[in-house]
Amino acid sequence: MRPSASAAALAVAAVLAGCAAPACRAAGEPANGTPRPGYAAERLPLAAEYAGHRYRVSILRPAAAPAAEAPPEGHPVLFMLDGNAVEQDLAALLASPADMDGMPPVIVTLGYETDRRFEVRARAYDYTPALTPGAEETDPLDATRRTGGADGFLAFITDEILPALARRFPVNARRLGLWGHSYGGLFVLHTLWSAPERFRCRIAASPSLWWRDGLLLARLPEYGERLAGQRFSLLITRGGAEANPPPDRQEPSARSPRRERIMAGAPADAVREFAARLGDLPGADVGYLELPEQTHGQAFTASLLPSLRWFAGCAAR
């Protein structure tokens, strides 16, 4: 079905009410380290690597009774990319599990072994689909970065990380979710095309639909073929100021004329139209949420709480 009107309610209740606080912080600013109420945090020891990248995987489990009791079929799990930045921001933002509709999820942040919020070289490879499998490909924004590792990274999540999680707590393999922002949002939408059965619920925040001259936009007809006969749930979010950010809130990297030319590979309304087109497919449950006044970087943090609340409801259905 077409993107639902309930997204507007999410925006008001979960974003605007907290917009004066950390939810509207620019994505590059550090969080303040506030404890996560109602959640127990632990690090997942992980010796395995993918493409030479070492990962930092953190598990946030509902701790407050009765949420601490695992459902008979196991916990729903939401995987969140760019885990270093997500973990920092959730420390300041994360609501109590009791505040969520549906089943409070276990949150698994997938980050990298670095002190930086974003490991730009690793994520450029892990989160982007290959044009030609097996070929050496580079990032159109920076030719020193490799790209094209998305399918291998998805296999790493499902074949290495997921089994490691299941050895530590009961996981409901039928209630898995995936969240990603920017290149991470591109990854989320690519997995819907390449492996729609892997996740029940997906959230693509500010997806980079301009990537490779609008590769995923060109694939829209194929989504219908690949998703035929399947039900899927998807939330797409976008900052209201992404297309025309105020000069005083532009990220420095966004001021490059070359970057602007490359990112012109998708029209200004591409994200909303992409959601609408997917929402027209049989079996689709697609929501579109615009985050008022948020730039691309700010939309990273501002999307977190609405995404968590949406996933809790999605996993319960």
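Details of the structure are given in the entry above.
Residues numbered from 1 in each chain as written. Predicted model: local features only at pLDDT ≥ 70, side-chain atom pairs only at ≥ 80, totals over all residues. Heavy atoms only, no water.

1. So, the packing of aromatic side chains
Piece 1. The full count for this structure, using the stated rule, is 14 aromatic pairs.
Piece 2. Between Trp179 and Phe300, the ring centres sit 5.3 Å apart and the planes meet at 85°, which makes this aromatic pair edge-to-face. Linking Trp179 in strand β7 (residues 171-181) with Phe300 in helix α10 (residues 296-302), this pair joins segments that are 121 residues apart in sequence.
Piece 3. On the numbers, 5.7 Å between centres and 90° between planes, the contact of Tyr223 with Phe274 is edge-to-face. Of this pair, Tyr223 sits in helix α7 (residues 220-226) while Phe274 sits in helix α9 (residues 270-279), placing them 51 residues apart in sequence. Both residues of the pair, Tyr223 and Phe274, count as buried.
Piece 4. Among the aromatic residues, those joined into a ring-pair cluster are Tyr50, Tyr55, Tyr112, Tyr125, Tyr127, Phe153, Phe156 and Phe187.
Piece 5. Above the ring of Trp193, the side-chain terminus of Arg219 is found at 3.8 Å from the ring centroid. (Phe/Tyr/Trp six-rings, centres within 6.5 Å; stacked < 30°, edge-to-face > 60°. Helix = DSSP H or I, 4+ residues; strand = E, 2+ residues; numbered from the N terminus. Buried < 20%, exposed > 50% of the residue type's maximum accessible area, 1.4 Å probe, protein only. Lys NZ or Arg CZ within 6 Å of the ring centre and 35° of its normal.)

2. Re the environment of Val86
Piece 1. The residue Val86 is located in helix α2 (residues 83-93) in this model.
Piece 2. Taking the C-alpha atoms as reference, Val86 lies 8.0 Å from Leu304; in sequence the two are 218 residues apart.

3. Topic: helix α4 (residues 150-166)
Helical geometry: 3.6 residues make up each α-helical turn, so side chains three or four residues apart lie on a common side.
Piece 1. For α4, spanning 17 residues, the distance from its first C-alpha to its last is 23 Å, which sits close to the expected 24 Å at 1.5 Å a residue.
Piece 2. Ile157 marks the point of greatest bend in α4, at about 30°.
Piece 3. For α4, the full list of buried residues reads Ala150, Phe153, Leu154, Phe156, Ile157, Thr158, Ile161, Leu162, Ala164 and Leu165. (Expected span 1.5 Å × (residues − 1). Bend = angle between axes of the 7 residues up to and from the residue.)

4. Side note on the sheet that holds strand β3 (residues 75-80)
Piece 1. Taken together, eight strands build an open sheet; the order of strands is β1-β2-β4-β3-β7-β8-β9-β10 and the sheet is mixed. With one partner strand each, in any of the chains shown, β1 (39-44) and β10 (284-291) form the two edges of the open sheet. Mean inter-strand twist for the sheet, computed between neighbouring axes without regard to direction, equals 20°.
Piece 2. In terms of strand pairing, strand β9 (residues 232-239) meets β10 through eight bridges, oriented parallel. Bridge pairing in β10 links Phe232 to Ala284.
Piece 3. Along the sheet, α2 makes contact with β1, β2 (55-62), β3, β4 (106-112) and β7, crossing β4 at roughly 130°.
Piece 4. Along the sheet face, α9 touches β9 and β10 and points at about 160° away from the line of β10. (Pairing = 2+ DSSP bridges. Axes fitted to C-alpha atoms, helices over the stretch in contact; angles between N-to-C directions. Contact = heavy atoms within 4.5 Å.)

5. Things to note about the pairing of β3
Piece 1. Counting buried positions along β3 yields six of six residues, so the element is predominantly enclosed.
Piece 2. The alternating pattern of β3 places His75, Val77 and Phe79 on one face and Pro76, Leu78 and Met80 on the opposite face, and all of these are buried.
Piece 3. Across four bridges, the pairing between β3 and β4 is parallel. By the bridge assignment, Phe79 is partnered in β4 with Val108.

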